[in-house]
Amino acid sequence: MSGFSAEWLRLREPADAAARNPALTTRLIAWRRRHDALSVLDLGSGTGSNFRFLARVLGGRQHWRLLDHDPALLAQAHEDLGRWAIKRGMKASDEGETLVLKDNTNHCRLERCWLDLSEDWAWLTVVPNPRLVTASALIDLVSADWLARLARRCRQWRAVLLIVLSYDGSIAWEPAMEDDERVREWINRHQCTDKGFGPALGPDAAPTLAGLLERLGYRVGLRPSPWMLAAQDAALQTALLDGWTEAVRQIAPGPDAWLDDWSRHRRDLIERGHSRLSVGHWDLFASLE
Ligand SMILES: C[S@@+](CC[C@H](N)C(=O)[O-])C[C@H]1O[C@@H](n2cnc3c(N)ncnc32)[C@H](O)[C@@H]1O
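Right, let's walk through the structure included here. Just so it is clear, the model here is predicted, and its values are computed rather than measured. (Residues numbered from 1 in each chain as written. Predicted model: local features only at pLDDT ≥ 70, side-chain atom pairs only at ≥ 80, totals over all residues. Heavy atoms only, no water.)

### Notes on the overall build of the protein
Test applied: For helices the rule is a DSSP run of H or I covering at least 4 residues; for strands it is a run of E covering at least 2, with both sets numbered from the N terminus onward. In this treatment the radius of gyration is a C-alpha quantity, and the globule benchmark scales as 2.2 Å times the residue count to the 0.38 power. Relative accessibility decides the category of a residue: with a 1.4 Å probe and only protein chains considered, values under 20% of the type maximum give buried, values over 50% give exposed, and everything between is partly exposed. What makes two residues a contact is simply this: any of their non-hydrogen atoms within 4.5 Å. In short, Shrake-Rupley with a 1.4 Å probe defines the accessible areas, and a residue's cover is counted only from the protein chains shown. Note that His is not counted, nor are the chain ends; the positive residues are Lys and Arg, and the negative ones are Asp and Glu. Where a charge lies is defined by one atom per residue type: Lys uses NZ, Arg uses CZ, Asp uses CG and Glu uses CD.
The helix and strand tally for the protein stands at 10 helices and 10 strands. For 289 residues, the compact-globule estimate of 2.2 N^0.38 gives 19 Å, and the C-alpha radius of gyration of the protein, at 19 Å, lies within 12% of that figure. Principal-axis analysis of the C-alpha atoms places the extent of the protein at approximately 55 × 45 × 35 Å. Within the protein, the proportion of its 289 residues that are buried is 51%. Long-range pairs, those at least 24 residues apart, make up 78% of the contacts in the protein between residues at least 6 apart in sequence. For the protein, the accessible surface area stands at approximately 13,300 Å², while carbon and sulfur atoms represent 51% of it. Looking at the protein, you have 37 positive and 39 negative side-chain charges, and the mean spots of the two groups are 9 Å apart.

### Focus on the site of the ligand
Heads up, the condition is: Definition of nearness: a residue and a molecule or strand are near each other if at least one heavy atom of the residue lies within 4 Å of the molecule or strand. Here a polar contact is recorded for every N or O atom pair within 3.5 Å, except that within protein the pair must consist of a potential hydrogen donor and a potential acceptor, and residues adjacent in sequence are included only if both atoms are side-chain atoms.
Residues in contact with the ligand amount to 18 residues; listed here are only the nearest, Gly44, Asp68, Asp116, Leu117 and Ser136. Between the ligand and the protein, one listed contact pairs a nitrogen atom with a side-chain N or O atom of aspartate 116 at 2.8 Å. Residue serine 136 places a side-chain N or O atom 2.7 Å away from an oxygen atom belonging to the ligand. Its free accessible area being 590 Å², the ligand has 97% of it covered by the protein chains.

### Description of unusual backbone geometry
For the peptide bond that leads from glutamate 174 to proline 175, omega is -5°, which places it in the cis range. Checked against the element boundaries, proline 175 lands in the loop between strand 7 (160–174) and helix 7 (180–191). Despite not being glycine, alanine 137 has its phi angle at roughly 55°, a positive value. For alanine 137, a relative accessible area of 22% translates into the label partly exposed.

### Side note on empty space enclosed by the protein
As a reminder of what qualifies: The rule is simple: put a 1 Å grid over the protein atoms alone, call a set of points where a 1.4 Å probe fits but cannot get out a cavity, call an open set with protein on both sides within 12 Å along at least five of seven lines a pocket, and count a residue as lining if it has an atom within 4 Å of a point. Grid points are joined across faces, edges and corners, and a volume is the space filled by probe spheres set on the points. The residue classification treats Ala, Val, Leu, Ile, Met, Phe, Trp, Tyr, Cys and Pro as nonpolar and Asp, Glu, Lys and Arg as charged. All others, Gly included, are polar.
Counted under the stated rule, the structure contains two cavities of 30 Å³ or more. For the lining of the largest cavity, the secondary-structure elements that each account for two or more residues are helix 2 (22–33), helix 3 (49–58) and strand 7. The element contributing the most residues to the lining of the largest cavity is helix 2, with three residues. A per-class count over the lining of the largest cavity returns six nonpolar, two polar and two charged. Estimates place the volume of the second largest cavity at around 30 Å³.

### So, the side chain of histidine 35
By the secondary structure assignment, histidine 35 is in the loop between helix 2 and strand 1 (38–43). When its relative accessible area of 18% is taken as the criterion, histidine 35 is described as buried. A distance of 3.0 Å separates a polar atom in the side chain of histidine 35 from a polar atom in the side chain of tryptophan 31. Dropping the residues within four chain positions of it, histidine 35 is found in contact with Arg131 and Glu289.

### What to know about the packing of helix 7 against helix 9 (residues 234–251)
Spelled out, the test is: Convention adopted: a line fitted to C-alpha atoms gives each axis, helices being fitted over their contacting stretch, and angles between N-to-C directions are expressed from 0 to 180 degrees. Orientation categories follow fixed angle ranges, with anything under 35 degrees roughly parallel, anything over 145 roughly antiparallel, 65 to 115 roughly perpendicular, and all other angles oblique.
Contact geometry of helix 7 with helix 9 gives a least axis separation of 9 Å together with a crossing angle of 75°. When the axes of helix 7 and helix 9 are compared, the pair comes out roughly perpendicular. On helix 9, the residues that touch Val183, Trp186, Ile187, Arg189 and His190 of helix 7 are Trp244, Ala247, Val248, Gln250 and Ile251.

### Some words on the pairing of strand 2 (residues 60–68)
Counted only if it meets this: Strand pairing requires that DSSP identify at least two bridges connecting the strands.
The pairing of strand 1 with strand 2 spans six bridges and is parallel. Bridging across to strand 2, leucine 41 finds its partner in arginine 65. In the sheet, strand 2 pairs with strand 5 (residues 106–114) via nine bridges, with the strands oriented parallel. Across the sheet, arginine 61 pairs through a bridge with histidine 107, a residue of strand 5.

### Description of the pairing of strand 10 (residues 276–287)
Buried residues dominate strand 10, accounting for nine of its 12 residues. Note: strand 7 against strand 10, nine bridges, orientation antiparallel. Counterpart to tyrosine 167 in the pairing with strand 10 is histidine 281. Pairing of strand 8 (residues 219–224) with strand 10, which is carried by six bridges, proceeds in the antiparallel orientation. Residue pairing in the sheet places proline 224 in a bridge with tryptophan 282 of strand 10. In terms of strand pairing, strand 9 (residues 227–229) meets strand 10 through three bridges, oriented antiparallel. By the bridge assignment for strand 10, tryptophan 227 is matched with valine 279.

Put into structure tokens, the structure is as follows:
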């Protein structure tokens, strides 16, 4: 789980899709029925997982801008989305930085935008008024100041927000082991280290954004969207175990023999098909209507 490789994003995508809060997806669909052509900003889009989930949910005419600072992920998104559309009987045409996917009922334009969201707030002025601002698995990386700025700009645009799969700080393994809680506390401290946006909010990000938006007059829904990983999700459990062990090693004071023991036992349980894991997230939907 080091960085955000395309492999890691591919591995988590089915778990993300299964975890999304259905009540908030329903609210999004109800909102969409009242709006025609749709412009969407996807912040930290990675390889396009958020689009793949939402394109059919939203339906009709959509203009997406996929924003990310990683050019390799954006290139992968372009490739993956073309293949994804063709598999679903859609036509895909490539117009340089823009991909057009269409069938009888849907027409999606996807523009790739390579930029660093942490540095250059110019993106907020170059992107024409989006109707929907969305992000998946992003805002736990950002600072309170960054979120406040985003919230104010969304209010100026009068945009709806769908911000999903923000880590909420809870991790529960089954069977439980003695050091689970110790590891979870270190992971949550690591969550709050700087990820390029200033001190990260980690588990507090989604409730913080909810409060900011409410103060700006938004009606906000904040609902759980946990990963519930079973024995057959061994690859994702193992990737999480590796990423968390590495994160704890980076910041916990040594010696870390306890961590090696914990990690070894956890891996053994996963490999023997005896491990279940839940990881808490928040989904947020906010609109002014
Ligand atoms: C956990 S991944 C989620 C990707 C995608 N939304 C998904 O759900 O699969 C976080 C994404 O944020 C992007 N990201 C992180 N920091 C960024 C920054 N400063 N500017 C733009 N994108 C950034 C990463 O490149 C990565 O694609």
